[in-house]
Amino acid sequence: MSEVYQGYERQYCELSANLSRKCNSAASLPDGEKKKQEISELQVALDDADVLIRKMDLEARSLQPSLKATLLAKLREYKSDLNKLKREVKRLASPNSNDPGHEELLESGMAGANSASANQRERLTMSTERLNQSTDRIKESRRAALETEELGVSILEDLQQQRETLLHSHKKLYDVDDAIDKSKKILTSMSRRISRNKWIVVSIIAALILAIVIVLYFKIFH
């Protein structure tokens, strides 16, 4: 059911129950200023109830057909109850409202109003129960949302730790790569030195061989 409709319905049921109580109270008052004031307040409350009925009607007609039919049927009962209350207020406002014949009519009307009030109280109780159920569902949804949020925070913390581990590993790999580059440079430098030393050694050996040959040449031919 629409939450907007439920809000209007709750307000109407409370207002209707209050109207019934005020009708009973006004009926026991003698004609005078106080009774006129009570009747004036009742008429204002009836106008407010009419406004709520119209709002419920508009809201019900905007809902899906299956729900719309149920709510409109309930609205017809509310309208019937409200019309009874209007008639009671009209009788109370009439000059002869305290006549014996009128008292009988008033008692009959009040009995109907009390019956309607009982029905309204029952509907109000049902509406309150539905609202409580909706509140419980909202609390349950909120609890599930909080649990999901906590799970999300835990996952984010795990991801943060994994990210830090990956960054640490990446730094180590970078350090290893840097060490490999340095080792490569050292090996290249050593290779160059070895090559240079090899050429020096070869040059020395060649020079010695040449010197030996020259020495032998002079010894043999001189």
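Residues numbered from 1 in each chain as written. Predicted model: local features only at pLDDT ≥ 70, side-chain atom pairs only at ≥ 80, totals over all residues. Heavy atoms only, no water.

Asker: Help me understand the UniProt feature "transmembrane region" (unreviewed entry) in the chain in this model?
Answerer: As recorded in UniProt, the feature "transmembrane region" (unreviewed entry) lies at residues 199-220. Structurally, residues 199-220 comprises 100% helix and 0% strand, and the distance from its first C-alpha atom to its last is 31 Å. (UniProt positions renumbered as here; feature names shortened; annotations may be inferred. Helix = DSSP H or I, 4+ residues; strand = E, 2+ residues; numbered from the N terminus.)

Asker: I keep staring at the packing of aromatic side chains and nothing clicks. Help me out?
Answerer: Centre-to-centre distance and the angle between the planes together describe a pair of aromatic rings. According to the stated counting rule, one finds 2 aromatic pairs in the structure shown. Between the aromatic rings of Y12 and Y78, the centroid separation amounts to 5.0 Å while the plane-to-plane angle is 45°, which identifies the pairing as tilted. Of this pair, Y12 sits in helix 1 (residues 3-27) while Y78 sits in helix 3 (residues 65-93); the two residues are 66 residues apart in sequence, bridging distant segments of the chain. A residue is classified by how much of its surface remains accessible, and Y78, at 0% relative accessible area, is buried. With a centroid separation of 5.8 Å and an interplanar angle of 75°, the aromatic rings of Y217 and F218 are classed as edge-to-face. Judged by relative accessible area, Y217 falls into the partly exposed class, the value being 45%. (Phe/Tyr/Trp six-rings, centres within 6.5 Å; stacked < 30°, edge-to-face > 60°. Buried < 20%, exposed > 50% of the residue type's maximum accessible area, 1.4 Å probe, protein only.)

Asker: Before we go on, may I ask you to explain the nonpolar core in this structure?
Answerer: The nonpolar side chains of soluble globular proteins are, as a tendency, buried together. Counting residues in hydrophobic clusters, the biggest one holds 26 residues, and the most contacted among them are Y12, L19, L75 and Y78. Contributions of two or more residues to this core are made by helix 1, helix 2 (33-61) and helix 3. At 9 residues, helix 2 tops the list of elements feeding residues into this core. (Core = buried A, V, L, I, M, F, W, Y, C linked by side-chain atoms within 4.5 Å.)

Asker: Would you mind going over the pattern of salt bridges with me for this structure?
Answerer: Any two side chains of opposite charge can pair, so long as their charged atoms come close to each other. Inspection of every chain in the model, using the stated rule, returns 8 salt bridges. The residue D178 makes a salt bridge to K182 at a minimum N-O spacing of 3.7 Å. Taken as a pair, D178 and K182 lie in helix 4 (residues 100-221) at a separation of 4 residues, close to a single helical turn. Counted as one network, the salt bridges with shared partners bring together D57, R61 and K79. (Salt bridge = Lys/Arg side-chain N within 4 Å of Asp/Glu carboxyl O.)

Asker: How do you make sense of the packing of helix 2 against helix 3 when you look at a structure like this?
Answerer: The relative placement of two packed helices is expressed as an angle between their axes plus a distance between the axes. One way to put it is that helix 2 packs onto helix 3 with a least axis distance of 10 Å and a crossing angle of 165°. Here helix 2 lies roughly antiparallel to helix 3, going by the angle between them. In this structure, helix 2 meets helix 3 at a crossing whose hand is left-handed. Contact residues: helix 2 offers K35, I39, L42, Q43, L46, A49, D50, I53, M56, D57, A60 and R61, while helix 3 offers K68, L71, L72, L75, Y78, K79, L82, L85, K86, V89, L92 and A93. The class makeup of the residues in the contact of helix 2 with helix 3 is 16 nonpolar, 1 polar and 7 charged. (Axes fitted to C-alpha atoms, helices over the stretch in contact; angles between N-to-C directions. Parallel < 35°, antiparallel > 145°, perpendicular 65-115°, else oblique. Left-handed = near helix turned anticlockwise from the far one by under 90°. Contact = heavy atoms within 4.5 Å. Nonpolar A, V, L, I, M, F, W, Y, C, P; charged D, E, K, R; others polar.)

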